[in-house]
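Geometric and topological summary
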Amino acid sequence: MPPTLGLRRALQSRGRGLGFGQRTAPSSVCLFCSFATRPSTFPTSSPLNKLRATRAKPQEAPAVRPRYQSTGATPLRPFISSPSDVVDTAAEPEPIDPRKDLESALRDLQTLAPNHVNLPRLQLALRNLSQDPGHESIRVAFLGLTTGDKPQHTARELLRLALADPLKSAQNWEAQLKAHDPSKPLIVHIGPPEEQATPLSLAASEHVIPEITVPSHIYNDANLEMIVMEADQATVAQAGEQPHTFDEAVLVPAVDTAATTAGHSAPIVTPVHMAVLVADGVLGAASILSLPISPESQDTITAVANFKRISAEDKAACPSLVITSVEAGAQGLDLFRESASNAMKYEALWTEAGVGHINKWLRSNVLSQAEQEGTTKAPVRKLIESILHNAGAALQAAEYRDMKVSVEGGPSPHTIARLNQALADWAKDAHEELQQQLEIAFVGEAWRQMNWWKLFWRVDDVGMLSSEMIAQRFLPEAEKRLIFLAGRLQEAGITTAGGGKPVTYSGPAVPPSFPEGESSVATTATATTTTESETKGTWPAHIPFTRNYLLAETVPALQALAQKLVLQSSTLAGATTALGGMSWLSGFGIYECGAVAALGIVLSLRGLQKRWERARDFWEGEVREEGRKAVRATEASIAELLDSISPEVPEDVAVEIEELKEAKSVLKRAEEALARLK
């Protein structure tokens, strides 16, 4: 059989945005002063050593396993005779805390992919993970949509109504909230009365964001922080043109503050967990309805349309909006505070105002897990899920841009990577099929029919039985899958190799036959010229070539050897039996003559057994080895073709692709840790 193409030779040919601070006690330093973005320094990317050691494979976007390489023998599993033979290994490591694992993964993601992740939201998530489970600070933004220079008072008033206690008279914080300029942002901390800071002075320094503390018997223990500010309606609508960035645009509002005495504006990003978009009138409702607020994000972003008077037609026309009337709510609140006898009017006006929907939305998200100690709050989990989802989409898009680098008229590197993976899978399955099918063949009934002591009446069936085994068990399914793989190559447009030459698969070499001394009948096989052939066609022909060789050369040689051994054994047994008979006629005793005949028969049968069993073992090993060589040569042939058309990618792009792969592995680790997080 001609020498096959080695796989090794073939393979060698290819080469901080920030947010509100957690408030546990009054501080003389404004928390938003710490919102200024710190200059982030990340380690400079450098080419990986493995890319310098070998030729880079930038086309392999998905994680591609190395092509299957078989070895000459399969190592045996160690035998354990008793439980005492089992060596007690080191104790299992303690399970990693999913919260710490998630925090570590997010920090690695921040280092590896700073341009593909929203850093302010990521820093907010890291701050939450550093807090005790169930006690994370939740931040909510009330964004009043404005058009032009007209101030928007509705968001500020809606926040006041949502936090006001109708059983108490008007509080100082309500007056402060009303007196605050709606065009400037305001931070509202929710906490008990003893944590209230000094009443807000409206003449406070201009370079900080004012803040007040509001007591609430519902949210005092929720660690809740809010910011009320205006948002330009046109800017929000522009962000809505890109649905995948809309959530981040709304949940990371930017605040303009005076950074210097000269009055220059310095934007500060304020990431939040939840946001309430508030608009006035029909035009405001229409602008909100045009925004891509998905059903999945309704727990984090809710839209409110305010009308002076609410009709049933207004609610029916906007089922996805919360319809409110802050005028009716304020009127009802004032009436109830004047006298408890106005309870009926208060109930009617408060129901019409729709403020209860906002309170219900806040309680369902902020207080839903308050009774489950040690459980991460739902807004924090949704924040991390959103960060990972957006980061995955950004990494995929960046990877796709890099993978578009390809040679003109040829398949893309991503296609080459998929075909390499398909080739690796085919080789693995083919090796498994070869091992399993030949195991079945060499323990089956046909193989047992060729035992040495059955040769005397089945010697003429050796060729038929062995040919049937080869035809049925020698890689039939692997050949079918190979044809399908070749079709995928043509579908991908791989019709020419490097240099514009037509596709050619280097064919196998004729393998050697029986070794010298095993079979003198096999001289025709050993005399076969071992020339390298080249197969031109739609798929490599290594498997059928090897199968045809086994059928045409080794099977006839095996049958001829069986016939020769039977003839030799019969001749020796007959000769010794005749010698014994002649000795008896010459006057020797019957026992001596019988011993001579018996010795000849035993020697002839023993020689038949030894030589036939050795020939069978050799033929079995040869079939296995030639099958393995056929699989390896087929894999090497296709690999050589794929390498000949692989595009050359610049080194910097290759390094970036490797870094994206590493970032995707970190992203997967973060997703697994989030799934284990309570």
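Residues numbered from 1 in each chain as written. Predicted model: local features only at pLDDT ≥ 70, side-chain atom pairs only at ≥ 80, totals over all residues. Heavy atoms only, no water.

By the naming in an unreviewed UniProt entry, the protein is Mmc1 C-terminal domain-containing protein, taken from Neurospora hispaniola.

This part takes up the overall build of the protein. Of regular secondary structure, the protein possesses 23 helices and 11 strands. The proportion of buried residues among the 678 residues of the protein is 47%. Summing over all exposed atoms, the protein offers an accessible surface of approximately 34,600 Å²; the carbon and sulfur share of this is 55%. (Helix = DSSP H or I, 4+ residues; strand = E, 2+ residues; numbered from the N terminus. Buried < 20%, exposed > 50% of the residue type's maximum accessible area, 1.4 Å probe, protein only. Areas by Shrake-Rupley, 256 points an atom, 1.4 Å probe, with all protein chains shown as cover.)

Next up on the list: the pattern of salt bridges. For the structure on display, the rule yields 20 salt bridges. Measuring nitrogen to oxygen at the nearest pair gives 3.3 Å for the salt bridge that ties R669 to D101. Taken as a pair, R669 in helix 23 (residues 651–676) and D101 in helix 3 (residues 98–112) lie far apart in primary sequence, 568 residues in all. Using a relative accessible area of 26% as the deciding quantity, one classes R669 as partly exposed. The closest approach of N and O atoms between R448 and E445, which form a salt bridge, is 2.6 Å. Residue R448 and its partner E445 are located together in helix 16 (residues 445–448), separated by three residues, close to a single helical turn. (Salt bridge = Lys/Arg side-chain N within 4 Å of Asp/Glu carboxyl O.)

This brings us to the sheet that holds strand 1 (residues 138–146). Ordered by their spatial adjacency, seven strands build an open sheet running 3-2-4-1-7-8-9, and the pairing between neighbours is mixed. With partners counted over all chains shown, the strands left at the sheet margins are strand 3 (211–214) and strand 9 (322–324), one partner each. Strand after strand, the sheet turns through a mean of 25 degrees between neighbouring axes, direction not considered. Strand direction decides the pairing type here: strand 2 (residues 186–190) and strand 4 (residues 224–232), joined by four bridges, are antiparallel. Considered in strand 4, the bridge of V188 is made with M226. Set on the sheet, helix 13 (residues 355–366) makes contact with strand 1, strand 4, strand 7 (274–280), strand 8 (301–306) and strand 9; between it and strand 7 the angle comes to about 170 degrees. (Pairing = 2+ DSSP bridges. Axes fitted to C-alpha atoms, helices over the stretch in contact; angles between N-to-C directions. Contact = heavy atoms within 4.5 Å.)

Turning to its location among the elements, H217 is positioned in the loop between strand 3 and strand 4. Along the primary structure H217 and P192 are separated by 25 residues, whereas in three dimensions their C-alpha atoms are 7.9 Å apart.

The next point concerns unusual backbone geometry. We note that N223 has phi near 55 degrees; this positive angle belongs to a residue other than glycine. Secondary-structure assignment places N223 in the loop between strand 3 and strand 4.

With that out of the way, let us pick up the packing of helix 5 (residues 154–163) against helix 11 (residues 326–338). Two numbers describe how helix 5 lies on helix 11: the axes approach to 10 Å, and their chain directions differ by 35 degrees. Between helix 5 and helix 11 the crossing geometry is left-handed. Side by side, helix 5 and helix 11 meet where T154, E157, L158, R160 and L161 of the first sit next to V326, G329, A330, L333 and R337 of the second. Residue classes in the contact of helix 5 with helix 11 are distributed as five nonpolar, two polar and three charged. (Left-handed = near helix turned anticlockwise from the far one by under 90°. Nonpolar A, V, L, I, M, F, W, Y, C, P; charged D, E, K, R; others polar.)

Our next topic: empty space enclosed by the protein. The method is simple in principle: a probe with the dimensions of a water molecule rolls over the atoms, and the space it marks as empty is what remains. Here the largest cavity is characterised by a volume of approximately 50 Å³. What lines the largest cavity is Q152, A155, R156, H180, D181, P182, K184, L186, V228, M229 and E230. Secondary-structure elements contributing two or more residues to the lining of the largest cavity are helix 5 and strand 4. For the lining of the largest cavity, the leading source of residues is strand 4, giving three residues. Residues belonging to the lining of the largest cavity are distributed by class as follows: five nonpolar, two polar and four charged. By volume, the second largest cavity is sized at about 40 Å³. Every residue lining the second largest cavity is listed: L145, Q233, V236, A237, S287 and L291. It is helix 7 (residues 233–239) that contributes the most residues to the lining of the second largest cavity, three residues altogether. Classifying every residue of the lining of the second largest cavity by side-chain character gives four nonpolar, two polar and no charged. (1 Å grid on protein atoms, 1.4 Å probe; cavity = no way out; pocket = protein on both sides within 12 Å on 5 of 7 lines; lining within 4 Å. Points joined across faces, edges and corners; volume = space filled by probe spheres on them.)

Among the secondary structure elements, L660 is positioned in helix 23. Put simply, L660 and A398 are 262 residues apart on the chain and 8.1 Å apart in space, counted from C-alpha to C-alpha.

Its place among the elements puts S297 in the loop between helix 9 (281–289) and strand 8. C-alpha of S297 to C-alpha of M274: the two residues are 23 residues apart in sequence and 9.5 Å apart in space.

Generally speaking, nonpolar side chains in soluble globular proteins are found buried as a group. Residues L102, V140, F142, L163, V188, L224 and M226 are the most contacted members of the largest nonpolar core, which totals 70 residues. Per-element tally for this core: the top contributor is helix 14 (residues 378–403), with eight residues. Those residues in contact with V140, other than ones at most four positions away along the chain, are L224, E225, M226, I227, V272, M274, V276, W361 and L362. Judged by nonpolar contacts, the second largest core, of 48 residues, contains I470, L485, L565 and I638. (Core = buried A, V, L, I, M, F, W, Y, C linked by side-chain atoms within 4.5 Å.)

A few words on the packing of aromatic side chains. The full count for this structure, using the stated rule, is five aromatic pairs. Seen from their ring centres, F336 and Y346 are 4.9 Å apart, and the 35 degrees between their planes marks the pair as tilted. One end of the pair, F336, is in helix 11; the other, Y346, is in helix 12 (residues 343–353), with 10 residues separating them in the sequence. For the residue pair F336 and Y346, the accessibility class agrees, reading buried in each case. Among the aromatic side chains, those forming a connected cluster through ring pairs are F336, Y346 and W350. (Phe/Tyr/Trp six-rings, centres within 6.5 Å; stacked < 30°, edge-to-face > 60°.)

Looking now at helix 9. Every buried residue belonging to helix 9 is among G284, A285, S287 and I288, and all of these are buried. The arc that holds the buried residues of helix 9, viewed along the axis, is 160 degrees, so those residues lie on one side. Turned more than 90 degrees from where helix 9 packs its buried face, V282 and L283 sit exposed. In the core, the buried residues of helix 9 are packed alongside strand 1, helix 7, strand 7 and strand 8. (Arc of directions from axis to C-beta.)

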